[in-house]
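Residue-level listing of the chains:
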Protein chains: 2
Amino acid sequence: MELKKILEMRSEESWQENLPSLSIDCVIFSFKDSSLRVIMVKMKDLDFWGLPGGYVRKDENIDEAAIRILKNRTGAENIYLQQFYTFGNLNRSEKVFEKYPDTLWNKQRFVSIGYYALADFSKVDLIIDEFSTACEWKSIDDLPDFMMDHKIIFDKALLTLREQLNNHPIGYNLLPEKFTMPELQKLYEAILGKKLNRGNFYRKILRYDILTKLDESRKGGAHKAPDLYSFDLEKYNAALKEGLKGSW
Amino acid sequence: MELKKILEMRSEESWQENLPSLSIDCVIFSFKDSSLRVIMVKMKDLDFWGLPGGYVRKDENIDEAAIRILKNRTGAENIYLQQFYTFGNLNRSEKVFEKYPDTLWNKQRFVSIGYYALADFSKVDLIIDEFSTACEWKSIDDLPDFMMDHKIIFDKALLTLREQLNNHPIGYNLLPEKFTMPELQKLYEAILGKKLNRGNFYRKILRYDILTKLDESRKGGAHKAPDLYSFDLEKYNAALKEGLKGSW
């Protein structure tokens, strides 16, 4: 069924169920094959990709709404989720539905609350809903055109990750339980958007004393099997509370 | 006129002018006599104090709404203002107007966007509007009971100041152009909520190389006139961009 028809069918129910003027957009990150990825959705009958989003029900807290929206897209619960900014410029979303009837739920002016999520790539099942034709992980190095102001929302989310790298458990939530030092460095490089010197990075991260070196190494591959590490959660959380010192 | 009557009179106009479901609350800080202060408002016929707030007009951006609300309370423009968090729990505000008619604008469920502002104490004229009986600077060491979830909003604003102390121009916006080192230390202590060692603080702040020592000293007082400093804005902004290193 075409998008216009679905939205018109759903409109009355949306007005009944949701708080007007408010939407939620989620920037869902994961890390896979040395690349930071984000979930993007292609809406039916529209040529642009957007961030997965939704509305706030009249009987739920905004955090609950974000958790529900996240679960509907990824099938996953207990994902690290954090509100980071609210986007409320005029005409940030209204144009998309310009040619639709004025009473349509989606044609309102929406102020959108941005949440970012840190997901384990392997635990997410992407779900395509009735409004969309695709739902995919996109590498942040190769993003498609965004609809509405979603590029601004995405950029702000990435900037927030960057600013919070020293006091939020970002590495812990984006890496598998066991990882190699090059993988950790790649993650930091992806978030910071720059290459880091290998020696400096190793020295610095080891000085923080937040990693446990495991008695195993990564099997397979032509080179010497690299050592595996995991986060020492107690030390990691204590260090984040103080804030890891210095820039990368 | 009593509050209920005023709100009922304004209700229809409020529904016409504003985006439903959305409000803005402002945590307006200043620094005076060694104490961090915040503007609080006492609503007519209510026994609690609240943060100054307002609504978002249908034809303005949310940042513009915050600037307008701030100006209406302080008479001041060009105040440092920043969005910090959005508060959207169920029943955060609804109870206050429990006994009022259901169609009253103020009785809706509001999701509130929090802004903090850093004001120069000497440049603010507090304005009491028709809904309130008082509008005052309150020291954060001696705050009255807050209405709704305004204590949560205030606490989050103060926490944000603390987290941003090393990468936002907070000192610059809260101090007069010329200040003494003890005044700067007092400001840092007020924001961080703890005493700092004088020697360490001096060494550290001087090492950042963001201050200019002026050729004048503070006159008056029994002791040796203390040296005056100002921020070297170019160096200060460059240092904040990198982030001042380390904890206090």
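A few points on the structure. What you see is a predicted model, and the numbers here were worked out from it, not measured in a lab.

## Thoughts on the overall build of chain A
What chain A contains, in helices and strands, is seven helices and ten strands. For chain A, the spread of C-alpha atoms along the three principal axes comes to 60 × 40 × 30 Å. Residues counted as buried form 54% of the 248 residues belonging to chain A. Accessible area of chain A: about 12400 Å², with a carbon and sulfur share of 47%. Charged side chains in chain A number 37 positive and 38 negative. The centres of these two groups are separated by 6 Å.

## Overview of the interface of chain A and chain B
Contact with chain A, which involves 25 residues of that partner, is made by 25 residues of chain B. Where chain A abuts chain B, roughly 2000 Å² becomes buried across the two surfaces, and 53% of that area is made up of carbon and sulfur atoms. Along the contact surface separating chain A from chain B lie 15 residue pairs in polar contact (both at pLDDT 80 or more). For the side of chain A that touches chain B, the elements supplying multiple residues, two or more each, are β1 (18-32), β4 (53-57), β5 (80-87) and β6 (111-118) of chain A. Here the side of chain A that touches chain B is built from residues that sort into ten nonpolar, eight polar and seven charged.

## Description of the relation of the copies chain A and chain B
With an RMSD of 0.0 Å, the fit of chain A onto chain B corresponds to turning through 180° and sliding 0.0 Å along the axis. Taken together, the rotation and translation describe the operation of a two-fold axis. Looking at the interface residues of chain A, 100% of them are also at the interface in chain B, so both copies use one shared face.

## Some remarks on the environment of Trp49(A)
Residue and element names in this part refer to chain A. Relative to the elements of secondary structure, Trp49 occurs in strand β3 (residues 49-50). On the basis of relative accessibility, which here comes to 12%, the residue Trp49 falls in the buried class. Considered as a pair, Trp49 and Ile28 are 21 residues apart in the sequence and their alpha carbons are 14 Å apart. Other than its neighbours up to four places away in sequence, Trp49 contacts Met40, Val41, Lys42, Ala134, Glu136, Lys138, Pro144, Asp145, Phe146 and Met147.

About the criteria used
- Residues numbered from 1 in each chain as written.
- Chains lettered and ligands numbered in written order.
- Predicted model: local features only at pLDDT ≥ 70, side-chain atom pairs only at ≥ 80, totals over all residues.
- Heavy atoms only, no water.
- Helix = DSSP H or I, 4+ residues; strand = E, 2+ residues; numbered from the N terminus.
- Buried < 20%, exposed > 50% of the residue type's maximum accessible area, 1.4 Å probe, protein only.
- Areas by Shrake-Rupley, 256 points an atom, 1.4 Å probe, with all protein chains shown as cover.
- Lys, Arg positive; Asp, Glu negative; His and termini not counted.
- Charge placed at Lys NZ, Arg CZ, Asp CG, Glu CD.
- Contact = heavy atoms within 4.5 Å.
- Buried area = accessible area lost by both parts, 1.4 Å probe.
- Polar contact = N/O pair within 3.5 Å; in protein donor to acceptor, adjacent residues only side chain to side chain.
- Nonpolar A, V, L, I, M, F, W, Y, C, P; charged D, E, K, R; others polar.
- Least-squares fit on C-alpha atoms with pLDDT ≥ 70 in both.

By themselves these figures say nothing about function.
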